[in-house]
Amino acid sequence: SVLSVEISPTCNLRCPECNLGKRLFVKSSERRNDPELAEKLVEYSPYGSKLIFVGLGEPTIPKNQEKISYILRTRQDLEGFIQTNGTYPLNEDIIS
């Protein structure tokens, strides 16, 4: 199974061609930001799935890297792929 996961509803850039700008006008309480997302992915991802961390938000913002690291460390049968804007260095435990 391949699962696309938007781990972050926010981004550190404001690219004029990106749709994220439209989301900035939505109240933060209405944005898709599930604090239990990492735990849900650990619990419900099918065995051996590939998780693709993509979306309008930036998945490598440091607090999101902690979530990704937790998921991949806890469920070692899962494989992760990160689509990033490249502005944050990746933690070593995510790379390996």
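For the structure itself, consult the block above.
Residues numbered from 1 in each chain as written. Predicted model: local features only at pLDDT ≥ 70, side-chain atom pairs only at ≥ 80, totals over all residues. Heavy atoms only, no water.

Caption draft 1: Quick peek at the nonpolar core. Of all hydrophobic cores here, the largest spans 14 residues; its most connected members are Val5, Ile7, Leu51, Phe53, Ile68 and Ile71. At the level of secondary structure, the elements contributing two or more residues to this core comprise α2 (37–44), β2 (50–53) and α3 (62–74). No other element matches the four residues that α2 contributes to this core. When neighbours within four sequence positions are excluded, Ile7 is seen to be in contact with Leu37, Phe53, Val54, Pro59, Asn64, Lys67, Ile68 and Ile71. (Core = buried A, V, L, I, M, F, W, Y, C linked by side-chain atoms within 4.5 Å. Buried < 20%, exposed > 50% of the residue type's maximum accessible area, 1.4 Å probe, protein only. Helix = DSSP H or I, 4+ residues; strand = E, 2+ residues; numbered from the N terminus. Contact = heavy atoms within 4.5 Å.)

Caption draft 2: Region of interest: the sheet that holds strand β1 (residues 2–5). Spatially, the three strands line up as an open sheet ordered β1-β2-β3, and their pairing is parallel. Unpaired on one side and paired on the other, β1 and β3 (79–82) mark the two borders of the sheet. On average, adjacent strands in this sheet sit at an angle of 20° to one another, irrespective of strand direction. Where β2 meets β3, four bridges bridge the pair, whose relative direction is parallel. The residue bridging Phe53 from the neighbouring strand is Ile82, located in β3. (Pairing = 2+ DSSP bridges. Axes fitted to C-alpha atoms, helices over the stretch in contact; angles between N-to-C directions.)

Everything listed here is a matter of geometry and, on its own, says nothing about what the molecule does.
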